[in-house]
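So the chains spell out like this:
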Amino acid sequence: MKDNSGDREAAPGAAASPATDMRMSITALAKSGAVAGIIKLASAGLSFLMFVAVAMVTDERQFGLYSATYAGASLVSFFASVGQQSTVLRFWPQYAGLGDLGSAHGLMARAILVALAGLVATSLLMIVVGFLPFVGRGAPEWLPLCVAAAVLSFSLGWSEFTSGAFRAKNALISGLLPRDIIWRAATIVAVLVLHVLHVKMSAVAATYLTALLLILSVVPQTVLLVRDTARADRGRLTEGQKQEFKTVTLGLWGVTSLPPALGQVSTLLVAMILGPEAAGAIFVADRTTRFVTLALNGINQALAPQISAAFYSGDRAHVQRITSLAALGGSAIALCVLAAFWIFGNLILSIFNTAYATPTMRATLVIFGIGATFGTACGPIEILLQLTGLQHALFKVLVVVNIVGLCVTAVATYYLGPIGAALSIAGTVVAWTAFGVSIARRRIGINPSILGLSLDRIGLVPQALPRGRT
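Residues numbered from 1 in each chain as written. Predicted model: local features only at pLDDT ≥ 70, side-chain atom pairs only at ≥ 80, totals over all residues. Heavy atoms only, no water.

Undergrad: Can you help me understand helix 9 (residues 219-231) in this one?
TA: Along an α-helix, residues three or four apart share an orientation, since each turn contains 3.6 residues. Between its first and last C-alpha, helix 9 extends 18 Å over 13 residues, near the 18 Å set by a 1.5 Å rise per residue. Residues Gln221, Thr222, Leu225, Asp228 and Thr229 constitute the buried set of helix 9. Taken around the axis of helix 9, the buried residues stretch over an arc of 145 degrees, which confines them to a single face. Turned more than 90 degrees from where helix 9 packs its buried face, Pro220, Ala230 and Arg231 sit exposed. The elements touched by buried residues of helix 9 are helix 5 (101-130), helix 6 (142-168) and helix 7 (172-196). (Helix = DSSP H or I, 4+ residues; strand = E, 2+ residues; numbered from the N terminus. Expected span 1.5 Å × (residues − 1). Buried < 20%, exposed > 50% of the residue type's maximum accessible area, 1.4 Å probe, protein only. Arc of directions from axis to C-beta. Contact = heavy atoms within 4.5 Å.)

Undergrad: Would you mind going over the environment of Ala327 with me for this structure?
TA: Mapped onto the secondary structure, Ala327 falls in helix 13 (residues 316-350). Classification of Ala327 as buried rests on a relative accessible area of 0%. On a C-alpha basis, the gap between Ala327 and Cys378 in space is 6.4 Å, while along the polypeptide they are 51 residues apart. Ignoring sequence-local partners within four residues, the contact set of Ala327 consists of Leu296, Thr376, Ala377, Gly379, Pro448, Ser449 and Ile450.

Undergrad: Would you take a moment to explain the confidence of the model for the protein for this structure?
TA: Interpretation of this model should avoid reading the predicted coordinates in detail wherever pLDDT is low. Confidence in the prediction of the protein, expressed as mean pLDDT, is 81, and 85% of residues score 70 or more. Per-element confidence in the protein is highest for helix 8 (residues 203-217), whose mean pLDDT is 93, and lowest for helix 1 (residues 18-21), whose mean pLDDT is 41. (pLDDT = per-residue confidence, 0-100.)

Undergrad: Can you help me understand the packing of aromatic side chains in this one?
TA: Tallied over the entire structure, the rule returns seven aromatic pairs. Summarising the aromatic geometry, the rings of Tyr66 and Tyr70 are spaced 6.1 Å apart at their centres and angled 45 degrees between planes, so their arrangement reads as tilted. Of this pair, Tyr66 and Tyr70 both sit in helix 3 (residues 60-80), four residues apart, which is roughly one turn of that helix. In terms of burial, Tyr66 and Tyr70 fall into one category: buried. Above the face of the Phe245 ring, Arg110 is positioned so that its terminal group lies 5.7 Å from the ring centre. (Phe/Tyr/Trp six-rings, centres within 6.5 Å; stacked < 30°, edge-to-face > 60°. Lys NZ or Arg CZ within 6 Å of the ring centre and 35° of its normal.)

Undergrad: Even after reading the chapter, I still don't get the side chain of Thr58, so can you show me in this structure?
TA: Tracing the sequence through the fold places Thr58 in the loop between helix 2 (26-56) and helix 3. Of note is the side chain of Thr58, whose polar atom sits 2.8 Å from the backbone oxygen of Val54. With near-sequence residues (within four places) excluded, Thr58 lies in contact with Phe63, Lys200 and Met201. (Polar contact = N/O pair within 3.5 Å; in protein donor to acceptor, adjacent residues only side chain to side chain.)

Undergrad: Can you walk me through the environment of Thr222 in this structure?
TA: Tracing the backbone shows Thr222 in helix 9. Taking C-alpha positions, Thr222 is 8.6 Å from Ser159, a pair spaced 63 residues apart along the chain. Leaving out residues up to four positions away in the same chain, Thr222 has contacts with Trp158 and Thr162. A distance of 2.8 Å separates polar atoms of two side chains, one belonging to Thr222 and the other to Trp158.

Undergrad: Is there a simple way to think about a nonpolar patch on the surface in this case?
TA: On the surface, a cluster of nonpolar side chains totalling about 890 Å² of accessible area is made up of Met272, Ile273, Leu274, Val411, Tyr414, Tyr415, Leu416 and Leu423. Going through the elements one at a time, helix 10 (239-274) and helix 16 (391-416) are the ones with two or more residues in the nonpolar patch. It is helix 16 that contributes the most residues to the nonpolar patch, four residues altogether. If you trace the backbone, Leu416 turns up in helix 16. A relative accessible area of 54% places Leu416 in the exposed class. (Patch = residues over 30% accessible without salt bridge, like charges linked within 9 Å, V, L, I, M, F, W, Y side chains within 5 Å. Areas by Shrake-Rupley, 256 points an atom, 1.4 Å probe, with all protein chains shown as cover. Salt bridge = Lys/Arg side-chain N within 4 Å of Asp/Glu carboxyl O.)

Take a look at the structure:
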C-alpha cells in the first residue's frame, strides 16, 4: 500500500528502530513534497478549469447558485467528518512508528465509523433544512439544492477522510490522486461534453454531477481502505487510548473545520447580502487565491506524518527544520503567484465571466492573495499545532479570531461590498496564523515560519528530547 517517495533514515547516532522508521530524511521529504506539490499544482489547475467549465454550461444566476451550494456543501463537509482525516494523521504515525500496528489498525477502524456517522448525520440534517418553510423562500430551487448539497457534502467529507488515511500510511500518491486529479478531470470532461452538445445545466444538476463523479472517483480508495482495515489483526484500544482519541478528536474537529469554513462563509455572506451574481465573483476570487497556498499545501501532504513521527520520538530540532523549510519554499511560490494576480488579475477573472473583470474584483483578488501569502510565510502552523498536542490552544484562537472576523466580514461586506469581505477575511487569516506561531514558540519552542529557519541556522532551536517528552 505504500508508495514512499524516498528512503527512511534513522536519527543520527541511533540504531534504526520502529520509532524512527516512519521518518524521512530531508532529501526524501523534499522529494515527497515535490511530488505532492506537483499533484496539488495539477489539482489547482484542474479545479480552476472545472469551475470555468461549469460556468460555461450555466447562466450567471445558476452559476451563482451553484457557487453558493458548493460553498455550503464544503462548509458542512469540514465539520461532518468530525476531524477524523486529521485524527488518523495524528495517531497512525505515532502507533505505527512505535511498532504497535494492532492499536494503529484499531484506531483506523474507530475513525472510519466516526467519520461515516458524522457524514450521514449531517447529510440528513441538510435535507431536513430543505423542508423548513421559512428558509430559502427567495429561491424556488431551495429543496432540490439542499438535497444535492447533502450528497456533495457527504462525498467531499468522505474523500477528504480517505485521503488523510492513505497519507497517514505514507501512501501519498494513492491518497491524493482520486480527489485531486481523477475527480476534477472527469468532471471537466463530462461538462465539456455537455457544452459541445449545447446542453445548459441548472445549479441542481451541476451539483449532482459534481458529487456523483467524486463518489465514483474514490470507490477504489474506499474498497482498499475498508478491506485492509477489516483484514488487519486489530488490537483492542485501552481505556487510556480511547479517552485520548476522544479528547484529541474534539480539538482536531474544531481546528480542521474553522479555517476552511471561513472561506466558504464569505461566499455565503456575499450571496445573502449582495445576491448570487456577486457571490459567483467572490467564489471565483476565493478559489483562485488557493494558487497562493498551493506549494505549502502540497508540502503539507508529505509533512504531516513526519511531524507526528519526529515530535513523539523527541526530535524537535527535526520538526523545526522541516517546518521552516516548508515555509520558505511555500513563500517563494506564493510571492510569484501574488505578483501574477497583480499583473494579470483582470484576465484571470474574465476567463470565468467578463462581468468579473472589474477593478473592484481585481483588488479583491489581490487582497485575498496578500492574506494567503502572509499565512504561507507562517509555515505549516495549523498541522504543527494539530499534531503536537496543541489542538485545543489552536481551537481557542480560531474561535475567538473567527467570531470577531465573521462579524467584521458581515459589516464590511454590507458597507464595502466585495472589497470589504476580502479585507476582513484576509485580516482574519493574518491574525490567527500570527497567534498560532506565537503559541508554537511559547509552548513547544518551535517557530514554523520563515523566521524559524534563521534561528535553526544559528542554533537557537531545541535539541532532540527524550521520547514522549512534550
